[in-house]
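Given next are the chains, with one letter for each unit.
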Amino acid sequence: MISGAWDKTVLEWDLNTGSIVREYTTHNSQISSVAFQPKFVAPFPLPTRRENEDDDHIEVDRKDGGFTSAQRDDNKDKEDKDEDMNEKGEGAEAKENSKADDDEEMGDVKNATVNEAAGAFDDGRESNIILTTSIDGNAFVWDRRVPNGVARKLGLPERTPPWCLSACWSADGTKIYAGRRNGTVDEWDFASQKHIRSFRMPANSGPVSYVTSMPNGKHIICASTDNIRMWNTSVDTSFTIFAGDEGLATKPSKLSSVIPFSILPGHHGGIISQILIDPTCHYMITTSGNRGWDGGSTNACLFYEITPIG
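Residues numbered from 1 in each chain as written. Predicted model: local features only at pLDDT ≥ 70, side-chain atom pairs only at ≥ 80, totals over all residues. Heavy atoms only, no water.

(A) Representation of the packing of aromatic side chains in the model. Applying the stated criterion across every chain, the model contains 8 aromatic pairs. In this structure an aromatic cluster arises from ring pairing among Y177, F199, W231, F239 and F261. In this arrangement the basic side chain of R229 is found over the ring face of F261, its NZ or CZ atom lying 5.2 Å from the centre. (Phe/Tyr/Trp six-rings, centres within 6.5 Å; stacked < 30°, edge-to-face > 60°. Lys NZ or Arg CZ within 6 Å of the ring centre and 35° of its normal.)

See below:
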């Protein structure tokens, strides 16, 4: 487990013993967020049609128990081979049994590989790459495999105040989003550690206190003082601020006129301190409050049901 505290420390813990394994000492301010990098594992490929196979062989015939014609041909060939094996001697049968045992072992290995890949996909996190941020605006990327290694720092974009309460990874782990005090969310490329662009909230929205990504890899959730917004990162609009010449992004010739976000109702003031989206993307939970500075009216925990738009 990785924890960050207001004493500027980032600690790695062994949950089996409760002891501290490692300390990451680079930040000069209170730690505001810690996140493991998501990892993208492509789904295991489905069986495809063999080369030089006629199109007829992939058509499903419901009259034959749902088998394709290719499967029926394979079954027929298998039956013919079984008859031939019965006519041959015990030596051929023993040889076939040995081959079957080998095929079974190979099948077990393949199934183990499939299950391992599925398990990695379900886990959804790269256990060695960590993103940490602090209130002074610094964001660092750590690799646990490097002993006493120096973290890679994501610098502040030009004319950006040094402040960051929250940062997150994109769903596939290739980008980083950091919320800023000036009402923007910066997008960074993980591989090059370069600033790509920023998403500017409407005027008077207030600082972005929390940002998290949706599993679809297309939207991020941005929490400001006034509202919670679901932002479409695939659209460049007048709300997009592009990086300078040193950045990766290039300004398109024509920006879209659509509003790139939708407001999620329910939030009624206060600082959003946490947004949780369950792994199945069915529910979202938000918490807000002002630590009692303005009374308890803004203390709220809201539950949202996420439904796909067909």
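(B) Looking closely at the sheet that holds strand β1 (residues 2–4). With antiparallel pairing, the 3 strands of this open sheet are ordered in space as β1-β2-β3. Edge positions in the open sheet fall to β1 and β3 (19–24), since each of these has one partner strand only. Mean inter-strand twist for the sheet, computed between neighbouring axes without regard to direction, equals 30 degrees. Judged from the 3 bridges that link them, β1 and strand β2 (residues 10–14) form a sheet pairing that is antiparallel. Residue pairing for β2: S3 is matched across the bridge by L11. (Pairing = 2+ DSSP bridges. Helix = DSSP H or I, 4+ residues; strand = E, 2+ residues; numbered from the N terminus. Axes fitted to C-alpha atoms, helices over the stretch in contact; angles between N-to-C directions.)

(C) Inspection of the layout of surface pockets at higher detail. Looking at the second largest pocket, its volume works out to about 430 Å³. Lining the second largest pocket are 15 residues, and of these M214, M230, I306, T307 and P308 sit closest to its centre. Among the residues forming the lining of the second largest pocket, the class breakdown is 10 nonpolar, 4 polar and 1 charged. (1 Å grid on protein atoms, 1.4 Å probe; cavity = no way out; pocket = protein on both sides within 12 Å on 5 of 7 lines; lining within 4 Å. Points joined across faces, edges and corners; volume = space filled by probe spheres on them. Nonpolar A, V, L, I, M, F, W, Y, C, P; charged D, E, K, R; others polar.)

(D) Summary view of the nonpolar core. L131, V141, W169 and I176 are the most contacted members of the largest nonpolar core, which has 13 residues in total. Within the residue set of this core, elements represented by two or more residues are β5 (126–134), β6 (139–143), β8 (166–169) and β9 (175–179). Contact partners of W169, with chain neighbours within four places excluded, come to A35, F36, Q37, P38, I129, I130, L131, V141, K175, I176, F190 and S213. (Core = buried A, V, L, I, M, F, W, Y, C linked by side-chain atoms within 4.5 Å. Buried < 20%, exposed > 50% of the residue type's maximum accessible area, 1.4 Å probe, protein only. Contact = heavy atoms within 4.5 Å.)

(E) View of unusual backbone geometry. Phi at N204 takes a positive value of approximately 65 degrees, unusual for a residue other than glycine. Relative to the assigned elements, N204 resides in the loop between β11 (194–200) and β12 (210–213). Taking relative accessible area as the criterion, N204 reaches 80% and is therefore assigned exposed.

(F) The sheet that holds strand β15 (residues 240–242), seen in detail. The strand order across the open sheet formed by 5 strands is β8-β9-β10-β11-β15, and the pairing between neighbours is antiparallel. Of all the strands in the sheet, just β8 and β15 have a single pairing partner and so form its edges. Each neighbouring strand pair of the sheet contributes to a mean axis angle of 20 degrees, computed without reference to strand direction. In the sheet, β11 pairs with β15 via 3 bridges, with the strands oriented antiparallel. Looking at the pairing, S198 lines up with I241 of β15.

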